[in-house]
Amino acid sequence: MSAPLLQLEQVSFEYKTAERSFVALRDINLSVSSGEFIAIIGPSGSGKSTLLNLLGLLAHPTSGTQSVFGKTLDILDEIQLAQLRNTSLGFVFQSFALVSRLTVLENILLPTTFLPEQNHSPGFWEAKAIALLGRFGLQDLAARFPNELSGGQKQRVALCRALILDPMMLLADEPTGALDSRSSKEVMSILKELNAEGRTIVVITHDPGVAQQAQRIVSLRDGHISSDESKAGSIGQKPSPQRAQSSTNSIKSEKHAAPSVQRFMGLLRTSVLLARRSLATNRTRSVLTGLGLFMGILSLIVIDGLGEIVENSFNKLFFTSSVRKAYIYYDEDRTGPHGHRNSSWAGLDAEAEFPKLAQMFERKGIVRPFLRSSTCQIKTESGGFRSRLVGVSDLEEFIEMDTPLSVGRLPGRQEFSAQSAVAILGSDTIDQLFAKADPRRRERNFPVGQRVVVDNCDTLATFTVIGVLKKRDTSFGNRDANDVLYVPNQSLLARMGPTVYRWFSVLPHPGVDTKNLATEISNFLSLRSGGRLTFASSVPADILERVRGFLRIVQTIVGFIGLLCLFVGGVGIMNMMLVTVAERTREIGVMKSLGANQGHIRSYILTEASLLCVIAGMVAVVCGLLVNNLFSLCVSLFVPMLKEFRWVFAPVGLIAGLFLSLLCGLGFGSLPASRAAKLDPAECLRSE
Ligand code: ADP
Ligand code: MG
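Residues numbered from 1 in each chain as written. Chains lettered and ligands numbered in written order. Predicted model: local features only at pLDDT ≥ 70, side-chain atom pairs only at ≥ 80, totals over all residues. Heavy atoms only, no water.

Trainee: Can you walk me through the overall build of the protein in this structure?
Mentor: Along the backbone of the protein there are 22 helices and 24 strands. At 44 Å, the protein has a C-alpha radius of gyration far larger than the 26 Å of a compact globule built from 688 residues. Once the C-alpha set of the protein is aligned to its principal axes, its extents read approximately 140 × 60 × 45 Å. On the protein, the mean spot of the 72 positive side-chain charges and the mean spot of the 62 negative ones are 2 Å from each other. (Helix = DSSP H or I, 4+ residues; strand = E, 2+ residues; numbered from the N terminus. Rg over C-alpha atoms; globule rule 2.2 N^0.38 Å. Lys, Arg positive; Asp, Glu negative; His and termini not counted. Charge placed at Lys NZ, Arg CZ, Asp CG, Glu CD.)

Trainee: Looking at this model, I keep getting lost on the sheet that holds strand 11 (residues 326–330). Mind explaining?
Mentor: Spatially, four strands are ordered 13-23-11-24 in an open sheet, and the strand pairing comes out antiparallel. Both outer strands of the open sheet, strand 13 (365–369) and strand 24 (535–538), are each paired with one neighbouring strand and no more. When strand polarity is set aside, the average angle formed by the axes of neighbouring strands in this sheet is 25 degrees. Summarising the sheet, strand 11 and strand 24 pair through four bridges and their orientation is antiparallel. (Pairing = 2+ DSSP bridges. Axes fitted to C-alpha atoms, helices over the stretch in contact; angles between N-to-C directions.)

Trainee: Is there a simple way to explain the sheet that holds strand 5 (residues 71–72) in this structure?
Mentor: Neighbouring strands of a sheet are bound in pairs by backbone hydrogen bonds; such pairs are parallel or else antiparallel. Read across the open sheet, the four strands follow the order 2-1-4-5; overall the sheet is antiparallel. Lying at the two open borders of the sheet, with one neighbouring strand each, are strand 2 (21–32) and strand 5. Judged from the eight bridges that link them, strand 1 (residues 6–16) and strand 2 form a sheet pairing that is antiparallel. Looking at the pairing, Tyr15 lines up with Phe22 of strand 2.

Trainee: Could you clarify how one ought to interpret the environment of Val287 in this entry?
Mentor: Structurally, the position occupied by Val287 is in helix 10 (residues 283–317). Judged by its relative accessible area of 49%, Val287 is partly exposed. Linking Val287 and Ile615, residues 328 residues apart in sequence, is a C-alpha distance of 9.8 Å. (Buried < 20%, exposed > 50% of the residue type's maximum accessible area, 1.4 Å probe, protein only.)

Trainee: Honestly, unusual backbone geometry in this entry has me stumped. Any pointers?
Mentor: Leave glycine aside and you will find that most residues have negative phi; peptide bonds, for their part, are mostly trans. In this model, Phe446 is joined to Pro447 through a cis peptide bond whose omega is 5 degrees. Within the secondary structure, Pro447 is located in the loop between helix 15 (429–433) and strand 19 (451–455). Look at Leu57: it is not a glycine, yet its phi comes out positive at around 60 degrees. Within the fold, Leu57 resides in the loop between helix 1 (48–55) and strand 4 (63–68). Since its relative accessible area comes to 3%, Leu57 is described here as buried. The phi dihedral of Glu174 is positive, around 45 degrees, even though this residue is not glycine. Position of Glu174 among the secondary structure elements: in the loop between strand 7 (169–173) and helix 6 (181–196).

Trainee: Just checking my understanding: could you explain the site of ligand 1 for this structure?
Mentor: Around ligand 1, the structure places 13 residues, and the nearest of them are Gly45, Lys48, Ser49, Thr50 and Arg686. Taking Glu683, its side chain carries an N or O atom lying 3.4 Å from a nitrogen atom of ligand 1. Within the side chain of Arg686, one N or O atom sits 2.9 Å away from an oxygen atom of ligand 1. Taken by itself ligand 1 offers 560 Å² of open surface, and the protein chains cover 74% of this. Elements with a contribution of two residues or more to the shell around ligand 1: strand 2, helix 1 and helix 22 (681–686). Here the element with the most residues in the shell around ligand 1 is helix 1; it accounts for three residues. Of the residues contributing to the shell around ligand 1, the split by class is four nonpolar, six polar and three charged. (Near = heavy atom within 4 Å. Polar contact = N/O pair within 3.5 Å; in protein donor to acceptor, adjacent residues only side chain to side chain. Areas by Shrake-Rupley, 256 points an atom, 1.4 Å probe, with all protein chains shown as cover. Nonpolar A, V, L, I, M, F, W, Y, C, P; charged D, E, K, R; others polar.)

Trainee: Help me out: how do you make sense of the nonpolar core in this one?
Mentor: Burial of nonpolar side chains together is a common tendency in soluble globular proteins. Within the largest apolar cluster, 78 residues are counted, with the highest numbers of intra-cluster contacts made by Ile40, Leu51, Leu55, Val202 and Met591. In terms of residue count, the dominant contributor to this core is helix 20 (residues 598–638) (10 residues). In terms of domain composition, this core takes at least three residues from each of domain 1 (35–47 + 87–256) and domain 2 (278–318 + 545–686). Leu55 has contacts with Leu6, Leu8, Leu30, Ile40, Gln66, Leu89, Met169, Leu171 and Val202, leaving out every residue within four places of it along the chain. Counting 44 residues, the second largest nonpolar core, distinct from the first, contains Tyr330, Leu357, Ile378 and Val539. (Core = buried A, V, L, I, M, F, W, Y, C linked by side-chain atoms within 4.5 Å. Domains from an automatic or database assignment. Contact = heavy atoms within 4.5 Å.)

Trainee: Whenever I open this one, helix 20 confuses me. Can you help?
Mentor: Residues three or four positions apart in an α-helix share a direction because the helix packs 3.6 residues into each turn. The terminal C-alpha atoms of helix 20 lie 58 Å apart, and with 41 residues this matches the ideal 60 Å at 1.5 Å per residue to within 8%. Measuring from the backbone nitrogen of Gly599 back to the side-chain oxygen at the start of helix 20 gives 3.0 Å, which picks out Asn597 as the cap. (Expected span 1.5 Å × (residues − 1).)

Trainee: I would appreciate a short explanation of the packing of helix 18 (residues 542–583) against helix 21 (residues 651–678) in the present structure.
Mentor: Each packed pair of helices is defined by two parameters, the angle between the axes and the distance between the axes. Following both chains from N to C, one finds helix 18 and helix 21 inclined at 35 degrees, their axes separated by 9 Å at the closest point. For the pair helix 18 and helix 21, the crossing hand works out as right-handed. Between helix 18 and helix 21, the contacting residues are Leu566, Phe567, Gly570, Val571, Met574, Met577, Leu578 and Val581 on the first element and Leu660, Cys664, Phe668, Leu671, Pro672, Arg675 and Ala676 on the second. When the residues that make up the contact of helix 18 with helix 21 are grouped by side-chain class, the tally is 13 nonpolar, one polar and one charged. (Left-handed = near helix turned anticlockwise from the far one by under 90°.)

Trainee: Quick question: what am I supposed to make of the packing of helix 5 (residues 151–163) against helix 6 here?
Mentor: With their axes 9 Å apart at the nearest point, helix 5 and helix 6 run at an angle of 15 degrees to one another. As summarised for this structure, helix 5 and helix 6 are arranged roughly parallel, according to the angle between their axes. Of the two elements, helix 5 crosses helix 6, and the hand of that crossing is right-handed. Every residue of helix 6 that contacts helix 5 at Gly152, Gln155, Arg156, Leu159 and Leu163 is listed here: Ser183, Glu186, Val187, Ile190, Leu191 and Leu194. In terms of residue class, the contact of helix 5 with helix 6 is made up of six nonpolar, three polar and two charged. (Parallel < 35°, antiparallel > 145°, perpendicular 65-115°, else oblique.)

Trainee: Sorry, what's going on with the packing of aromatic side chains here?
Mentor: Note on aromatic pairs: each is described by the distance of the centres and the angle between the planes. Taken as a whole and judged by the stated rule, the model has 16 aromatic pairs. Here the aromatic rings of Phe567 and Phe668 are separated by 5.7 Å at their centres, their planes lie at 65 degrees, and the arrangement is edge-to-face. Note that Phe567 is positioned in helix 18 and Phe668 in helix 21, a separation of 101 residues in sequence. Using a relative accessible area of 15% as the deciding quantity, one classes Phe668 as buried. Through successive ring pairs, a cluster of aromatic residues spans Tyr327, Tyr329, Phe370 and Trp503. (Phe/Tyr/Trp six-rings, centres within 6.5 Å; stacked < 30°, edge-to-face > 60°.)

Trainee: I would appreciate a short explanation of the pairing of strand 8 (residues 200–204) in the present structure.
Mentor: Every regular strand shows the same layout, with side chains that alternate between the two sheet faces. Across the five residues that make up strand 8, a large majority, five, are buried. Because side chains alternate across strand 8, one face comprises the buried residues Thr200, Val202 and Ile204, and the other comprises Ile201 and Val203, equally buried. As defined by bridge partners, strand 3 (residues 37–41) adjoins strand 8 across four bridges and the pair is classed as parallel. Residue Ile38 lies in a different strand from strand 8, and its bridge partner there is Val202.

Trainee: I keep staring at helix 21 and nothing clicks. Help me out?
Mentor: Taking 1.5 Å per residue, 28 residues should reach 40 Å; helix 21 reaches 40 Å between its end C-alpha atoms and fits that length. Looking only at helix 21, the buried set comprises Leu654, Gly657, Ser661, Cys664, Gly665, Phe668, Gly669, Pro672, Ala673, Ser674, Ala676 and Ala677. Against helix 10, helix 18, helix 19 (585–593) and helix 20 lie the buried residues of helix 21.

Trainee: How do you make sense of the side chain of Thr113 when you look at a structure like this?
Mentor: As for its position among the elements, Thr113 is in the loop between helix 3 (104–109) and helix 4 (122–135). Classification of Thr113 as buried rests on a relative accessible area of 15%. A distance of 2.6 Å separates a polar atom in the side chain of Thr113 from the backbone oxygen of Leu110. Sequence-distant contacts of Thr113, that is, excluding residues within four places in its chain, are made with Gln118, Thr270, His600 and Tyr604.

This is how it looks when you write it as structure tokens:
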């Protein structure tokens, strides 16, 4: 004779609450053998459901020993117990306990998603579910939702679900309690049929008529067994040792079921399905809750984008190449370290010494001579004024001025090397050099081709105008930018006498700190003189760096507020998920009875929280992109100097936004998820 499927020896069960404890079962001795059909009867409150929970591995005895398939419960962990419920037991409840968000077919397939190993394709299970529906006359209802069914239909669906994994034993708690007599008869005949096929059945019932159909009747009274009668000769059902064997084996193999990709995907699919349905069912609530997180992510993305726009505009408006330059000069008025006045520096020889200096620092920036004539008289036939010539080293230096020409052209490279006497005029010089009434001013291309005489200076020379710059910004370090004549360095030197440089400009490469570089060069020059000479530097953009630093501080503070916003949104989601868990307590109990372990439940809740967060995050990312580009468009339309529209699209920021929302889902969902996972299945099933 094979070992009993289930055995209780001297088992007691006590409900403990904070105030009191209640012994619901005491000294129960019961064994259930394979193939039996047992009815458990007794008045309400006698402990029937409690006993069924014990038999169904949903609760543990307070004292006594219980064994399943010959193994005591103590050696089985939570996951193994869940797997036994999943593969060896089938539950049917008075209230049907279908998951309302899932269709009939999905409800029936639910237990298959808890299988420790997926040896069959989803198609296999679907075919089996459809066959079961057909067997119970429900073939047309597969796509319906539970609330579209009658009680009898629901209970038959519940039976299909209990049978999908071919359990050895069916446990039914008042399965006919909520049914009319016709449906009740139907269900009972199904149970008898299943028993005839060799399945063990335990039914709790109030109804003596139902109990009479069982072969063995166990009566409970006040928590103990008052009688246990078998109908004579009726335990004739052949136990099926082969099935018992397979279940015992299954416990062994389940212990080390490896997590497989397929299993994970199955779980994920079900999780996403459940989450989607649940979010859709509570649409308003989901939207309102998601709004908080949406605002959080949106504000972060907008802050990031606006920061970029502000920074770019700021750079574009103020950090032009010519503003980024630092100037290094020989500090004549300072007293040297040895007490003598610094008055005797000849400068760097333009040909022999200066190129070495430029080369020395070329990895950090472009060092150029900064060459200006002293103030001199500049004349044409119709006008004149006092101003300076400013030297320009090369074509690039002109281009770095970021100032387009209003007329004419820039000097060609060969005009630099040939020391050509060509000049580019600052915008304000025109009115000084040419009288308003001068008829030439009406000519096209004026004043290109005009001659300008520079007199009473280091030099007396004639330059030909080849272009005029548009008005330049004079805020940083070039107060006279619009009042001077720009000429190639070489042309200036050729007409100015000694070919030495005493002032230098340096344009740092991107990422190199202007101030440090300027100091470095000054120090180098000073060191070169053996410390006798002192050099100073001026960094016009220094103040801008400070403003930029300030902008960064503002951005950081606003970003922090965005993070707070995100946090508040996340707490909202946590709150909603806690409510959801409370609402779904019973459903969680049902899932556990079908074989879900803590991991499954946790994954459902986490998936729902994450899905909500990711959807909110995605909407936020799209809206953020729109807001940023709209802002960028406004800037390009309304700030004259930033005419061109800049498309703001920071993929890193967007991906980070999505990732952050997923992280929020997982983070803020984890408390509700672990609450849900740890719920006691028997207690859940009892809740309304
Ligand atoms: P039955 O199914 O036979 O009606 P139950 O097994 O549901 O009875 O309950 C048995 C006894 O245990 C009842 O007297 C009931 O009041 C008590 N009981 C059930 N659940 C709890 C609980 N969570 N806390 C305290 N007592 C409980
Ligand atoms: Mg009950």
